[in-house]
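Each chain is listed here by its residues.
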Amino acid sequence: MSVKITYHGHSTFTIDSDGKLLVIDPFFTGNPKARVKAGDVRADFILVSHGHGDHVGDAVDLARRTGALVICNNEIAGWLRSKGLQQVHGLHIGGGFQFPFGRCKMTIAHHGSALPDGSNGGNPGGFLLKLNNGKTLYFSGDTALTYDMKWLADDHVDVAMLCIGDNFTMGPDDAIKAVKLIEPKVVIPCHYGTWPLIDVDAEDFQARCQHETASTCVLMHASDTYDVA
Ligand code: NI
Ligand code: MN
């Protein structure tokens, strides 16, 4: 029974849940922080939170090469099918489905979702993952702070991966409020420091989690792995 979360910079994570490999927002090519090449990534499932290029990233090529099932909203699912991918599962916000690794529910995100070629990417989302081994993970996607996050406290989130980079998403002040609403055991901040526009003081955010919330903040550098206890 093990869950290992590896960060690749920006909003890209790989999760190994009892040997099932999930890749969230596979942005490797062009990601200045990523230390692995897209061509070396393995995946059984690829989760795409919204249509923006820094989240769809290498999804098409990665899915083609690995045969992984792509989980995303229905509009992005249609766009991926139009690119010839067959292994695609469309969800919509509020809806979940039981996959071989566990249940994945798409959560609310306040953001945009246009696809790189200008196609309609539907609404942006995040993911609540209830893994078969009992661990619960929340990935916020790109979002503003929303009071709906308070519902997530009911899910007893073990690890929340939250955007903190400001400008396009929550900044540190709002992310602290999000932590107070969600009450996860552990927070892993993301979507910061990739470019100057979203540079924030992550150490200060970590210290504020310590002093202002009941959650532990784990700062990760690209290719660091965190074992979910
Ligand atoms: Ni975005
Ligand atoms: Mn983004």
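In this text the structure is predicted, and so the values were computed from the model without any measurement.

Student: Even after reading the chapter, I still don't get the pairing of strand β12 (residues 186-190), so can you show me in this structure?
Tutor: A regular strand carries its side chains on alternate faces of the sheet. Counting buried positions along β12 gives five out of five residues, so the element sits mostly inside the fold. Across the two faces of β12 the burial is the same, with Val 186, Ile 188 and Cys 190 and Val 187 and Pro 189 all buried. Alignment of strand β11 (residues 159-163) against β12, held across five bridges, turns out to be parallel. Residue pairing across strands places Met 161 opposite Ile 188, the latter belonging to β12. Following the backbone out of β11, through helix α4 (residues 172-182) and into the adjacent parallel β12, one traces a crossover that is right-handed. As paired strands, β12 and strand β13 (residues 216-217) are joined by two bridges and run parallel to one another. Residue pairing for β13: Val 186 is matched across the bridge by Thr 216.

Student: Sorry if this is basic, but what is going on with the coordination of the manganese ion (ligand 2) here?
Tutor: Around the manganese ion (ligand 2), the donor atoms from the protein are Asp 54 (OD), His 55 (NE2), Asp 142 (OD) and His 191 (NE2), and they sit 2.1 to 2.3 Å away. Sequence spacing of the donors to the manganese ion (ligand 2): D-H-x86-D-x48-H. In this structure, the manganese ion (ligand 2) is positioned 3.1 Å from the nickel ion (ligand 1), and both are ligated by Asp 142. When its relative accessible area of 0% is taken as the criterion, His 55 is described as buried.

Student: Just to check I follow, could you spell out the packing of aromatic side chains for this structure?
Tutor: Two measures describe an aromatic ring pair: the distance that separates the ring centres and the angle between the ring planes. Taken as a whole and judged by the stated rule, the model has six aromatic pairs. Ring centres of Tyr 7 and Phe 13 lie 4.9 Å apart, and the angle between their planes is 35 degrees; on these two criteria the pair is classed as tilted. Its relative accessible area of 3% is what places Tyr 7 among the buried residues. The exposure class of Phe 13 is buried, given its relative accessible area of 0%. For the pair Phe 45 and Phe 101, a centre-to-centre distance of 4.9 Å together with 70 degrees between the ring planes defines the contact as edge-to-face. Placement of the pair is Phe 45 in strand β4 (residues 45-47) and Phe 101 in the loop between β7 (96-99) and β8 (102-108), with a sequence separation of 56 residues. For the pair Phe 45 and Phe 101, one class covers both residues: buried.

Student: Explanation requested: the pairing of β11 in the structure shown.
Tutor: Most of β11 is tucked away: five of the five residues are buried. In this structure, strand β10 (residues 136-139) lies alongside β11, joined through three bridges in parallel fashion. Considered in β11, the bridge of Leu 137 is made with Val 159.

The rules behind the values
- Residues numbered from 1 in each chain as written.
- Chains lettered and ligands numbered in written order.
- Predicted model: local features only at pLDDT ≥ 70, side-chain atom pairs only at ≥ 80, totals over all residues.
- Heavy atoms only, no water.
- Buried < 20%, exposed > 50% of the residue type's maximum accessible area, 1.4 Å probe, protein only.
- Helix = DSSP H or I, 4+ residues; strand = E, 2+ residues; numbered from the N terminus.
- Pairing = 2+ DSSP bridges.
- Right-handed = clockwise from strand over helix to strand, strands pointing away.
- Donors = N, O, S within 2.8 Å, 3.2 Å for Na, K, Ca; no water.
- Phe/Tyr/Trp six-rings, centres within 6.5 Å; stacked < 30°, edge-to-face > 60°.

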